[in-house]
Structure formats: structure tokens, C-alpha cells
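# Secondary and tertiary structure notes
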Amino acid sequence: MMILTMIFFILVKTCNEAQSDSWGKPFCFHYPSTGYEGPVAHLGHSIFTGMIVTSALIIWKALMCITGSESPVVVVLSGSMEPGFKRGDILFLHMSKDPIRAGEIVVFNVDGREIPIVHRVIKVHERQDTGEVDVLTKGDNNYGDDRLLYAHGQLWLHRHHIMGRAVGFLPYVGWVTIIMTEKPIIKYILIGALGLLVITSKD
């Protein structure tokens, strides 16, 4: 979510600085300007920043509705799905009511774990009495299935564990998230830089 906000801010900022209509004024969205750097001007900058964050949140919520997934975009954090997906790749997810099939790549949550996992479905078992589907997964680069990763005593995943199916990806873009997670100082520097950019920006 934070990455989406940063990207959205940079795009808007670049658009404002680089594009103009025939009257010489930016035709992209721009923040209010008072002509001087006083309290009112800083208030305008704060409003602009708030609008950027709100816009990014709206986009995220819209993606959730469109894709049917609680997390439409995830970052691959390990090499368990190599060579198909590498650490740092971004996956785009979609979740429909279609039955989950063996061979599909899914992102799922495990009870007791905060970080979702990206692995392939290797076996599907449909219960005749209820119609519910049990799913077994495995990383392409792992030797065994994921039962050691599931909650204690759990042998199968159920539909409520599945966050979405992988329908596309962007290589390496997620390294920004990984770096900021593993080195929080980088995250704070970037946030500070964006804040400084907002404060010092002028039309």
C-alpha cells in the first residue's frame, strides 16, 4: 500500500512538472499554491499529500473489488518458486468462484503466520458430502509439499485460506518492499524525502 502511494505521488509530481496545456498550465492534478511559503502554503501541501494517500487507498480498494482478492498485489519473498518466480517479483492476484485446480499458482494464508505464501497447487480433493475442496500446495523449488508449513495438525488448505490466483507478474519490482522491510532505515529515509519534497515543492 505504501509503495502504491509513493508511486502515485511520483507520477503526479512528474506529470505536473513535465506536462502543460496550450495555456502553459499543467493539466494534471496539482496542489494548491498561495504564492508564498507561509502557514497557508504548508497547509496546502498537507492537503495535497492527504489527497495522494486517499487516492492510493481508493485505488487499492477498487482493485480489491475488481479482483475479488483481499490483497490484489503481493511480493515474492523467497526463492521457493524459482525458476518461475524469483524473490522480488510482484504478483497480480485474482480470486473467482471457479474451482481451484491442480497446477494453479495460488497465494494463501496459514493460521498463525502473518506473511502469505506463494506456491503451486499439486493436489485437490473434493469432499463428496459437502462439496468443499481440500488443497495441497508445494513450492516448485522445494523437495516436499507444504504440510510442514501448515498449522499444527493441518493436512490441507481450504478455500478460505486462499487469497487469490496468480494471473500476472512484474519481475524484481518488489525489491523496493523487501529492502524497506529488511532495512527500515531506508523506509524512513524515503518517507522523509517525500515529505521534504512536498514541503519544498512549488508550482
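What this report covers is the structure whose coordinates are included nearby. This one's a predicted model, so the numbers in the text were calculated from it and none came from an experiment. (Residues numbered from 1 in each chain as written. Predicted model: local features only at pLDDT ≥ 70, side-chain atom pairs only at ≥ 80, totals over all residues. Heavy atoms only, no water.)

In terms of regular secondary structure, the chain is built from four helices and six strands. Traced from its N-terminal end to its C-terminal end, the chain shows the element sequence α-α-β-β-β-β-β-β-α-α. Counting every position in the chain, which comprises 203 residues, the buried fraction comes to 32%. Restricting the contact set of the chain to residue pairs at least 6 apart, pairs at least 24 apart contribute 56%. In the structure as shown, the chain presents an accessible area of about 12500 Å², 64% of it carried by carbon and sulfur atoms. (Helix = DSSP H or I, 4+ residues; strand = E, 2+ residues; numbered from the N terminus. Buried < 20%, exposed > 50% of the residue type's maximum accessible area, 1.4 Å probe, protein only. Contact = heavy atoms within 4.5 Å. Areas by Shrake-Rupley, 256 points an atom, 1.4 Å probe, with all protein chains shown as cover.)

Turning our eyes to something else, we now look at unusual backbone geometry. Following E82, the chain continues to P83 via a peptide bond in cis, the omega torsion being 5°. Residue placement: P83 occurs in the loop between β1 (73-75) and β2 (90-94). One non-glycine residue, Y172, lies in positive phi territory at about 70°. One can find Y172 in the loop between β6 (162-170) and α3 (175-182).

Taken together, the six strands give an open sheet; going across it, the order is β1-β2-β6-β3-β4-β5, and neighbouring strands pair in antiparallel fashion. Here the strands that pair on one side only, and so sit at the sheet edges, are β1 and β5 (133-138). Averaged over all pairs of adjacent strands, the angle between their axes in this sheet comes to 50°, without regard to strand direction. (Pairing = 2+ DSSP bridges. Axes fitted to C-alpha atoms, helices over the stretch in contact; angles between N-to-C directions.)

Moving on, we come to the pattern of salt bridges. In the structure shown here, the tally under the stated rule is three salt bridges. Note that E104 is salt-bridged to R165, the shortest N-O span being 3.0 Å. One end of the pair, E104, is in the loop between β2 and β3 (105-108); the other, R165, is in strand β6, and 61 residues separate them in sequence. Since its relative accessible area comes to 23%, E104 is described here as partly exposed. Judged by its relative accessible area of 9%, R165 falls in the buried class. Note that D140 is salt-bridged to R120, the shortest N-O span being 2.8 Å. Placement of the pair is D140 in the loop between β5 and β6 and R120 in strand β4 (residues 117-126), with a sequence separation of 20 residues. Residue classification places R120 among the partly exposed residues on the basis of a relative accessible area of 26%. (Salt bridge = Lys/Arg side-chain N within 4 Å of Asp/Glu carboxyl O.)

Before going further, it helps to spend a moment on a nonpolar patch on the surface. A cluster of nonpolar side chains, Y172, W175, I179, I185, I186, Y188, I189 and I191, forms an exposed patch at the surface whose accessible area comes to about 790 Å². Secondary structure elements with two or more residues in the nonpolar patch: α3 and α4 (184-200). Sorting elements by how many residues they give to the nonpolar patch places α4 first, with five residues. Tracing the sequence through the fold places Y188 in helix α4. Judged by relative accessible area, Y188 falls into the exposed class, the value being 53%. (Patch = residues over 30% accessible without salt bridge, like charges linked within 9 Å, V, L, I, M, F, W, Y side chains within 5 Å.)

Attention now moves to the pairing of β4. Relative to β4, β3 is paired through four bridges, and the arrangement is antiparallel. Bridging across to β4, V106 finds its partner in H119. By the bridge criterion, six bridges tie β4 to β5 in an arrangement that is antiparallel. Bridged to R120 within β5 is K138.

So, about the nonpolar core. Among soluble globular proteins, nonpolar side chains are generally buried collectively. One finds M95, I100, V106, F108, V110, I117, V121, V135, L136, Y150, L157 and I162 forming the largest nonpolar core, which totals 12 residues. Contributing elements (two or more residues each) for this core: β3, β4 and β5. In this structure V106 touches I117, V118, H119, V121, T137, I162, G164 and R165, once residues within four positions along its chain are discounted. Core analysis: the next-biggest nonpolar cluster, separate from the first, contains 10 residues, V76, F85, L91 and V118 among them. (Core = buried A, V, L, I, M, F, W, Y, C linked by side-chain atoms within 4.5 Å.)

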